[in-house]
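# Structural characterization, general
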Amino acid sequence: MHLNTQERTECEPVGRPRFPTYWYEIHPFSCTRGHFMSPSANIRGEIRSDMSKQSLAEYVDSLQEVGRYTFTTVEAQKVTELRRDALKKSLSRLQAQKRIVGVRRGFYVIVPLEYRSSGILPAVWFVDDLMKFLGQPYYVALLSAAELHGAAHQRPQVFQVMTSQPTRIVEAAGLRIRFFKKARVQVTPTVKKRTFTGDFFVSSPAATALDLVAYQSSIGGFDRVMTVLQELGESIEPDSLVEAAKADGQLAHAQRLGWLLDKAGHETLTPKLCEWLQQQKTKPTLLDPTLPAKSCPRESKWSVIVNTEVEGEL
């Protein structure tokens, strides 16, 4: 016997077996949008929670809409509620589409359309987020910092970052980020630079100059340092040299830097640094600590033993 029209309920699923009216009163499922709801949800008029979840692609779009270009797998999983294997497949799919780039395990960079040809955003757009993800203090350093301060003649092929512990190099979509270890990262003078995505930290011009001297063997030697200093000197304030030298804590670095700045034609920058060093009772130091002293001359002003020839390109 078929139920007449008046005996059928509004919630009866179309195309499913018909049940007596009392069955619907005991099991008040809803057929809204073809999905069944729990009785409690039906009473409150709520939609099942998974109806409001975002796909990973939608989540990425929502981040970009508010000017954010990085995310972590933990954040993505929390929003999308995808299972680990499903999230992994979604991440792989978006990477294949060049929509995102995995920079570190668990950390991703969003690539807007205008950067698809280069493959990834400039490192300054996401370096602050990356270092927060790693939980390490940092600043953009060495040749990368010098370029940001206007000394662009020696443009680096890798983006250089100073941090407090050994950190594996980043290689993603043609971008390379190299990390240098320094014990006194957190006391090194820095300045904030702003990008479209927010602020990041860069060593001050004076601190950059000291780092260039300290890490000269890793960035191309003293000739390259001299070339950078010829340009970078225009951005250095005399008082900041003493401040940076105190924070660095290595008198030999300051002695070598003073000698190099004089030779680079920036003698007006160095009197205060020279006076401070004389008060510290410095000892003679080799210009290049990796080379022998031989019978090399000693420059008395900076107490530097000039055991190598240095020439800039400018």
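Notes on the structure follow. Since the model is a prediction, treat every value here as computed from it, not as a measurement.

### Description of the overall build of the protein chain
When helices and strands are tallied, the protein chain shows 13 helices and 12 strands. Looking at the protein chain as a whole, 44% of its 314 residues qualify as buried. Put simply, of all contacts in the protein chain between residues at least 6 apart along the chain, 55% involve residues at least 24 apart.

### A short note on empty space enclosed by the protein
Taken as a whole and judged by the stated rule, the model has 2 cavities of 30 Å³ or more. If you add up the space inside the second largest cavity, you get close to 40 Å³. For the second largest cavity, the full set of lining residues is Lys182, Thr188, Pro189, Ala207, Leu210, Asp211, Ala244, Ala247 and Asp248. Of all the elements in the fold, those that place two or more residues in the lining of the second largest cavity are helix H8 (205-214) and helix H11 (238-248).

### Observations concerning the packing of aromatic side chains
In this structure the tally under the stated criterion is 9 aromatic pairs. Plain terms: the ring middles of Phe107 and Phe133 are 5.3 Å apart, the flat faces sit at 40° to each other, and that makes the pair tilted. Of this pair, Phe107 sits in strand E3 (residues 107-110) while Phe133 is found in helix H6 (residues 127-134), placing the two residues 26 residues apart along the sequence. Its relative accessible area of 34% is what places Phe133 among the partly exposed residues. Relative to Phe201, the ring of Tyr138 lies with its centre 6.0 Å away and its plane at 70°, an arrangement referred to as edge-to-face. Placement of Tyr138 in strand E4 (residues 138-140) and of Phe201 in strand E9 (residues 198-203) is noted, with a sequence separation of 63 residues between them. Owing to a relative accessible area of 10%, Tyr138 belongs among the buried residues under this scheme. Grouping aromatic residues by their ring pairs yields a cluster made of Tyr69, Tyr115, Trp125 and Phe196.

### What to know about the pairing of strand E2 (residues 100-104)
Burial analysis of E2 places 4 of its 5 residues in the buried class, the great majority of the element. In terms of strand pairing, E2 meets E3 through 4 bridges, oriented antiparallel. Across the sheet, the residue bridging to Arg104 is Phe107, located in E3. Counting the residues between successive antiparallel strands, the hairpin from E2 to E3 contains 2 residues, one of them, Gly106, with a positive phi of roughly 90°.

### Notes on helix H13 (residues 271-279)
Taken residue by residue, H13 has Leu273, Cys274, Trp276 and Leu277 as its buried positions. The arc that holds the buried residues of H13, viewed along the axis, is 165°, so those residues lie on one side. Opposite the buried face of H13, at more than 90 degrees from it, the exposed residues are Gln278 and Gln279. Positive phi appears at Lys281, one or two residues downstream of H13, with a value of about 55°.

### Digging into the layout of surface pockets
In this structure, the largest pocket encloses a volume near 310 Å³. Along its surface, the largest pocket is lined by 14 residues, and Ser144, Glu147, Pro156, Val158 and Phe159 are the ones closest to its centre. Elements supplying a minimum of two residues to the lining of the largest pocket: helix H7 (142-148) and strand E7 (175-181). Residues of the lining of the largest pocket, tallied by class, amount to 8 nonpolar, 3 polar and 3 charged.

### Examining the sheet that holds E3
One key point about sheets: their strands pair by backbone hydrogen bonds, in either a parallel or an antiparallel sense. Pairing in this open sheet of 3 strands is antiparallel, and the strands run E1-E3-E2 from one edge to the other. With one partner strand each, in any of the chains shown, strand E1 (70-72) and E2 form the two edges of the open sheet. Taking each pair of neighbouring strands and ignoring which way they run, the sheet shows an average axis angle of 30°. Running over the sheet, helix H5 (residues 84-96) touches E1, E2 and E3 and is turned about 115° from E2.

### With respect to the packing of helix H10 (residues 222-232) against helix H12 (residues 251-263)
Between H10 and H12, the shortest axis-to-axis distance is 9 Å and the interhelical angle comes to 60°. On the basis of the axis angle, H10 is oblique to H12. In the packing of H10 onto H12, the handedness of the crossing is right-handed. Across the interface between the two elements, Phe222, Val225, Met226 and Leu229 from H10 touch Arg256, Leu257, Leu260, Leu261 and Lys263 from H12. Classifying every residue of the contact of H10 with H12 by side-chain character gives 7 nonpolar, no polar and 2 charged.

Criteria and cut-off values
- Residues numbered from 1 in each chain as written.
- Predicted model: local features only at pLDDT ≥ 70, side-chain atom pairs only at ≥ 80, totals over all residues.
- Heavy atoms only, no water.
- Helix = DSSP H or I, 4+ residues; strand = E, 2+ residues; numbered from the N terminus.
- Buried < 20%, exposed > 50% of the residue type's maximum accessible area, 1.4 Å probe, protein only.
- Contact = heavy atoms within 4.5 Å.
- 1 Å grid on protein atoms, 1.4 Å probe; cavity = no way out; pocket = protein on both sides within 12 Å on 5 of 7 lines; lining within 4 Å.
- Points joined across faces, edges and corners; volume = space filled by probe spheres on them.
- Phe/Tyr/Trp six-rings, centres within 6.5 Å; stacked < 30°, edge-to-face > 60°.
- Pairing = 2+ DSSP bridges.
- Arc of directions from axis to C-beta.
- Nonpolar A, V, L, I, M, F, W, Y, C, P; charged D, E, K, R; others polar.
- Axes fitted to C-alpha atoms, helices over the stretch in contact; angles between N-to-C directions.
- Parallel < 35°, antiparallel > 145°, perpendicular 65-115°, else oblique.
- Left-handed = near helix turned anticlockwise from the far one by under 90°.

On their own, these measurements won't tell you what the molecule is for.
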